[in-house]
Amino acid sequence: MKCYPVPRENLVLSIDNLKDDIPEEYLSHKECYENVIRKGSVLYDIFSELSKDRKHKAHQAPSNAYRISDGIMQNVNPFLLHFALFVPAITNQATPEQQAEFLKHGFGIIGTYAQTELGHGTFLRGLETTATLDLETDEFVLNSPTLTSYKWWPGGLGHTANHCVVMAQLYVKGKCHGPHLFFVQIRDIETHEPLPGLKLGEIGAKMGFNTADNGFLGFHNFRIPRNNMLMKNSQVLKDGTYVESKNEKLTYGSMVFVRVYLLSDMAYMLARAATISVRYSAVRHQSHIKPDEPEVQILDFVIQQHKLFISIATSHAFKICGLWLWQTYSKVMEDIGKGSMDRLPELHALSCCLKTTSTRDAGWLIEQCRLACGGHGYLMSSNLPSLYTTATAAITYEGESTVLLLQTARYLIKSWKRAMEGESLPATVSFLSEYFNKRYNKWENTPKGIVDGLKLVVAGVTKMCAESIQKHVSRGQQYEEAWNSSSVQLIKASEAYSRALLCEVFWFEVDKVSSTLSNNLAVVLKQLAELYITYWALEKRGDLLVYTTISKDDLDKLQERYEELLALIRPNAVGLVDSFDIRDEILCSTLGAYDGRVYERMMEHALKSPLNAETVNQSFHKYMKPVILKHKI
Ligand SMILES: CCCCCCCCCC/C=C\CCCCCC(=O)SCCNC(=O)CCNC(=O)[C@H](O)C(C)(C)COP(=O)(O)OP(=O)(O)OC[C@H]1O[C@@H](n2cnc3c(N)ncnc32)[C@H](O)[C@@H]1OP(=O)(O)O
Ligand SMILES: Cc1cc2nc3c(=O)[nH]c(=O)nc-3n(C[C@H](O)[C@H](O)[C@H](O)COP(=O)(O)OP(=O)(O)OC[C@H]3O[C@@H](n4cnc5c(N)ncnc54)[C@H](O)[C@@H]3O)c2cc1C
């Protein structure tokens, strides 16, 4: 068996059969898939060795080794779900004995996480796949009773995975106990043929993610041993006794893991887009600032700095907040391991709003980076279009953004009620209790002052939501109807909360470590953090005018400071994206390569187009020429 040392980028990137002769955009849908499986299998082998060394734990931050695959795959790795959800679901939701059993083949099996169905993605209690206990045979019988109950979307499900964790409604002795997770083999290990009683396939071409092999799966009286239900939190005994979980939401734990992780993932996606667009903006000369001087680097246009520097700052914000959220996640997982669920609602609320904001921001900021590169940003060889379609998928997967923001709003409203009753609150929402004492505080035009102002916005909007719900209830609506009637404001409360969290954590984490950094580094990091906070104060000036004592004069001063920060960051802009340290082979961009040879790389890439293999394409003679000659005067 090949034995790899812990992979380093240069080891992985030096493996010849991981390189593409033809750029992926010129391959067919099927060739694309076959190509990523070819490369993914090599990486899977390497990462399997790596993961064995690291003994995957439920809440250990995944190594960033999988980032190397971004460069190799140049798209989504169909094996990703194995590492992102299948293994974490088993280590999170199965007993130790089951883990030993299900993972005994180590990386000899390839899994995915099959929860979403054709008819349901958000409303998990509405999932239709059933798992019914057969007491006589000590098995569960899995069925897809309707077309809408077919599993639909799981990554790697179409043609890659041979196992999956399936979420199905548990039926024991005629009673439904709600969604539970089951370990299911779906293909023969040797032949890879679908097992009898299954209908498997891929769901077709998508806006992006086209190498993720998202698939569908239907069950027809498919039997699995009773022991294949993941039984760490709830159990079904041999005699059919159902032992319920201490908290039914623990079943959803695997989703929390990915949501928490996505903050860091988006930091990395943005770092790539910022690197490409800032480097390109340093190379591209276009137009004049002073009429009698040569054409300038487009990075010297202040509006270009306004478009791009927020992406540099946001990448650092997400990276720092991602570490903070990861530490929170790990602590809560440890508490749950000791039997305490107290902080699970807080973790759920934090992960929901931060996953949503980070994926949404990554989407529009990557698009802003693309647009800032003009026509060349529209080329697939710039890699900006692919970064956009990959990042924006995350706004939907792992919990659709609107739905998750409403989850956080649920937590904010509950916290507001507790605050009004004088209860003490977790630190992440304790500012709600201080609203009435602080809402008329004098505005401070400092990063801390802005953070305090953003928190007042959260409290003010949350109060408005609570009053709106109460108003609808007093007019005769049921609470759930009143909730629905107030949902536009509830989304606003969650968005404001998420922004305040990001600004607060970014500023105070940077402030905390700055004394340990070299002066130059501390200065630049603080400039980025202040740019981020000032950017969002200006974006949210309307809310600040409503809920704080900020004045027009304060805002004018903030605008001035923001423009000062752009000028201060300009000399370091290229150095800042270079410090993301993303190699050309992983950046995969003709516009963003370290050596700045943009035009040469663009031409080299263009010549790889199959269309350029001949000077006259056969279609001229077949189709064009007859028409031209017919109409020739
Ligand atoms: C080498 C290593 C690599 C590793 C890398 C990892 C990186 C990852 C990068 C990308 C990876 C993969 C690409 C694609 C992956 C995509 C995978 C998927 O998409 S899997 C499917 C995801 N689906 C969802 O997220 C579904 C969203 N829906 C829900 O979560 C729930 O249905 C709901 C929250 C919307 C509704 O819950 P419901 O039960 O219907 O009821 P309520 O709304 O009333 O909530 C009741 C109660 O429960 C609490 N709750 C809900 N969810 C959770 C949770 N997850 N955790 C904890 N608590 C939860 C909620 O707060 C309520 O509590 P109350 O006390 O009653 O208020
Ligand atoms: C690229 C990609 C990869 C994926 N990978 C996987 C995977 O590996 N495994 C897996 O199981 N799933 C996967 N999914 C599925 C994904 O998790 C679902 O698409 C997601 O959970 C949303 O569910 P849905 O698509 O059914 O949309 P729906 O839930 O039908 O939502 C549609 C619209 O209705 C709105 N809506 C729904 N409920 C509410 C509500 N309560 N209040 C207000 N508005 C509401 C939503 O906001 C949304 O705008 C993937 C999806 C994508 C795009």
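Residues numbered from 1 in each chain as written. Chains lettered and ligands numbered in written order. Predicted model: local features only at pLDDT ≥ 70, side-chain atom pairs only at ≥ 80, totals over all residues. Heavy atoms only, no water.

A. Structural detail: the overall build of the protein. Scanning the protein from N- to C-terminus turns up 21 helices and 11 strands. The C-alpha radius of gyration of the protein comes to 27 Å, within 12% of the 26 Å expected for a compact globule of 633 residues. A principal-axis box enclosing the C-alpha atoms of the protein has dimensions of 90 × 80 × 60 Å. For the protein, buried positions account for 54% of its 633 residues. Long-range pairs, those at least 24 residues apart, make up 72% of the contacts in the protein between residues at least 6 apart in sequence. Total accessible area computed for the protein in this model is approximately 28,700 Å², and 56% of it derives from carbon and sulfur atoms. If you average the places of the 68 positive and of the 70 negative side-chain charges in the protein, the two averages end up 2 Å apart. (Helix = DSSP H or I, 4+ residues; strand = E, 2+ residues; numbered from the N terminus. Rg over C-alpha atoms; globule rule 2.2 N^0.38 Å. Buried < 20%, exposed > 50% of the residue type's maximum accessible area, 1.4 Å probe, protein only. Contact = heavy atoms within 4.5 Å. Areas by Shrake-Rupley, 256 points an atom, 1.4 Å probe, with all protein chains shown as cover. Lys, Arg positive; Asp, Glu negative; His and termini not counted. Charge placed at Lys NZ, Arg CZ, Asp CG, Glu CD.)

B. Representation of the packing of aromatic side chains within the structure. The full count for this structure, using the stated rule, is 19 aromatic pairs. On the basis of an interplanar angle of 80 degrees and a centroid distance of 5.9 Å, the ring pair of Y261 and W326 is categorised as edge-to-face. Here Y261, found in helix α6 (residues 253–283), pairs with W326, found in helix α7 (residues 302–337); they are 65 residues apart in sequence, far enough to count as distant. An identical accessibility class is assigned to Y261 and W326; each is buried. (Phe/Tyr/Trp six-rings, centres within 6.5 Å; stacked < 30°, edge-to-face > 60°.)

C. How the structure looks around the site of ligand 2. In the neighbourhood of ligand 2, 20 residues make up the surrounding shell, with Y113, T116, T122, G155 and E400 lying closest. In the environment of ligand 2, an oxygen atom lies 2.6 Å from a nitrogen or oxygen atom belonging to the side chain of T122. Contacts to ligand 2 include E400, whose side-chain N or O atom sits 2.5 Å from an oxygen atom. Burial of ligand 2 by the protein chains amounts to 65% of its free accessible area of 980 Å². Those elements that provide at least two residues to the shell around ligand 2 are α9 (384–396) and α10 (401–420). Among the residues forming the shell around ligand 2, the class breakdown is nine nonpolar, nine polar and two charged. (Near = heavy atom within 4 Å. Polar contact = N/O pair within 3.5 Å; in protein donor to acceptor, adjacent residues only side chain to side chain. Nonpolar A, V, L, I, M, F, W, Y, C, P; charged D, E, K, R; others polar.)

D. Molecular detail of helix α20 (residues 598–606). Every buried residue of α20 is accounted for by V598, M602 and H605. Down the axis of α20, the buried side of the element spans an arc of 65 degrees, and every buried residue falls inside it. Close packing links the buried residues of α20 with α6. (Arc of directions from axis to C-beta.)

E. Representation of the nonpolar core. Counting residues in hydrophobic clusters, the biggest one holds 160 residues, and the most contacted among them are Y113, F309, I312, Y497 and Y532. A per-element tally of this core places α6 first, with 20 residues. Composition of this core by domain shows at least three residues from each of domain 1 (5–252) and domain 2 (255–426 + 435–577). In this structure, A114, L157, L170 and L198 belong to the second largest nonpolar core, which totals 24 residues. (Core = buried A, V, L, I, M, F, W, Y, C linked by side-chain atoms within 4.5 Å. Domains from an automatic or database assignment.)

F. Local environment of the packing of α7 against helix α15 (residues 519–539). Axis separation between α7 and α15 bottoms out at 9 Å; the angle between their running directions is 110 degrees. By the criterion of interaxial angle, the relationship of α7 to α15 is roughly perpendicular. Here α7 contributes H306, F309, I310, I312, A313, T314, H316, A317 and F318 to the contact with α15, which in turn contributes L525, L528, L531, Y532, Y535 and W536. For the contact of α7 with α15, the per-class residue count stands at 12 nonpolar, three polar and no charged. (Axes fitted to C-alpha atoms, helices over the stretch in contact; angles between N-to-C directions. Parallel < 35°, antiparallel > 145°, perpendicular 65-115°, else oblique.)

G. Just the site of ligand 1, in detail. In the vicinity of ligand 1, 32 residues are found, and the nearest of them are T122, K249, R259, E398 and R410. One nitrogen or oxygen atom from the side chain of R125 is found 3.2 Å from an oxygen atom belonging to ligand 1. One of the side-chain nitrogen or oxygen atoms of K249 is found 2.5 Å away from an oxygen atom of ligand 1. In isolation ligand 1 offers 1,400 Å² of accessible surface; the protein chains occlude 86% of this area. For the shell around ligand 1, the secondary-structure elements that each account for two or more residues are α4 (80–93), α6, α8 (344–371) and α10. Counting residues per element, the shell around ligand 1 draws most heavily on α6, which supplies six residues. Partitioning the shell around ligand 1 into residue classes produces 18 nonpolar, seven polar and seven charged.

H. How the structure looks around the pattern of salt bridges. In total, this model carries 35 salt bridges according to the counting rule given. Salt-bridge contacts for K30 lead to E34; the nearest nitrogen and oxygen are separated by 2.9 Å. With K30 and E34 both in helix α2 (residues 29–54) and four residues apart, this pair spans about one turn of that helix. Since its relative accessible area comes to 58%, K30 is described here as exposed. Using a relative accessible area of 41% as the deciding quantity, one classes E34 as partly exposed. When the shortest N-O distance is used, the salt bridge between K526 and D511 registers 3.0 Å. (Salt bridge = Lys/Arg side-chain N within 4 Å of Asp/Glu carboxyl O.)

I. Fine view of the domain arrangement of the protein. According to the domain assignment, the protein consists of domain 1 (5–252) and domain 2 (255–426 + 435–577). Between the C-alpha centres of domain 1 and domain 2 there is a distance of 32 Å. The contact between domain 1 and domain 2 buries some 2,200 Å² in all, and 63% of this surface belongs to carbon and sulfur atoms. Counting the contacts that link domain 1 with domain 2 gives zero salt bridges. Counting the contacts that link domain 1 with domain 2 gives one residue pair in polar contact (both at pLDDT 80 or more). Secondary structure elements with two or more residues in the side of domain 1 that touches domain 2: α3 (65–73) and α4. Per-element accounting of the side of domain 1 that touches domain 2 gives the leading share, four residues, to α4. The residue inventory of the side of domain 1 that touches domain 2, partitioned by class, reads 14 nonpolar, eight polar and four charged. (Buried area = accessible area lost by both parts, 1.4 Å probe.)

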